[in-house]
Amino acid sequence: MKTHPIYTLSVSTLLAALFAIPAMAQEALRTLTVTGRGTEAVTATLAQVTLGVEVRGRTAQEVQQEVARRANAVLAVLRGREVSQLQTAGLSLTPDYQFTDNQRRLVGYIGRNTVSFRLPSDRVGALLDAAVQAGATTIDSISFTAPDTTLAAAQRTALQRATQDAQSQAQAVLSALNLQPRQVVSIQVNQATPPPSPVRLAAPAMADSTPVVAGELEVAAMVTLQISY
């Protein structure tokens, strides 16, 4: 009968082979993770405005009628100034109570009608004055932004700067350790559209035009790179 040779593998040899595989994988996957940040300033050329009419009176009917009269006058001014995205932001009619000696007494009603719209920021001051003269009693909020195309271009610039920042960080670290970067293993992008810059005003009661300064918006982006070395 023909016999076959028997090969034996010692325990120490087997363990050495098993531990060598993760070590080789770890060597092949050495990576450095860095996060870069980039920004781009944008001039705020658009204003988002919310204003309205608030009326107090004895009866619900007279309050509602006065609110409608003033609101229509304000809307006529806004349409005449060719604002965009004009829409109703709020409409309410609520009882007005007075509390005396822990007793609630109905003294009248409060009516509100608010609208929101968008216009170029350099026209805000004059329009606010005209709206107040037409009957607006509240200027609830003003926020500044820029056209979508402008924001998109700024985001691209911020992303480029964030990527360059991450690459610069990685090069500085690896150079200090006498190591060389190989390739980018993964890329993570985190960008955010800047929220409108808010400005809150009270309804002006002055002859001079209301000054409004739009300022700038900052578009920011972050890029995380995982680089092998």
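Residues numbered from 1 in each chain as written. Predicted model: local features only at pLDDT ≥ 70, side-chain atom pairs only at ≥ 80, totals over all residues. Heavy atoms only, no water.

Quick word on helix 2 (residues 60–80)
(1) Moving on: The end-to-end C-alpha distance of helix 2 is 30 Å, a good match for the 30 Å that 21 residues give at a rise of 1.5 Å each.
(2) Moving on: For helix 2, the set of buried residues is Val-63, Val-67, Ala-71, Val-74, Leu-75 and Leu-78. Buried residues of helix 2 fall within an arc of 105 degrees about the axis and therefore sit on the same side. Exposed residues on helix 2 whose side chains face more than 90 degrees from its buried face are Gln-61, Gln-65, Arg-69, Asn-72 and Gly-80.
(3) Moving on: Taken together, the buried residues of helix 2 touch strand 2 (46–57), strand 3 (84–100), strand 4 (103–120) and helix 3 (124–134). (Helix = DSSP H or I, 4+ residues; strand = E, 2+ residues; numbered from the N terminus. Expected span 1.5 Å × (residues − 1). Buried < 20%, exposed > 50% of the residue type's maximum accessible area, 1.4 Å probe, protein only. Arc of directions from axis to C-beta. Contact = heavy atoms within 4.5 Å.)

Some words on the confidence of the model for the chain
(1) Moving on: Taken as a whole, the chain shows an average pLDDT of 86; of its residues, 80% reach a score of 70 or greater.
(2) Moving on: Per-residue pLDDT stays below 50 along residues 199–207; that stretch engages in 17 contacts with residues further than four places along the chain or on separate chains. (pLDDT = per-residue confidence, 0-100.)

Focus: the environment of Leu-217
(1) Moving on: Note on placement: Leu-217 falls in strand 8 (residues 216–228).
(2) Moving on: Assessed through its relative accessible area of 6%, Leu-217 is described here as buried.
(3) Moving on: Counting along the chain gives 177 residues from Leu-217 to Glu-40, while the straight-line C-alpha distance between them is 8.4 Å.

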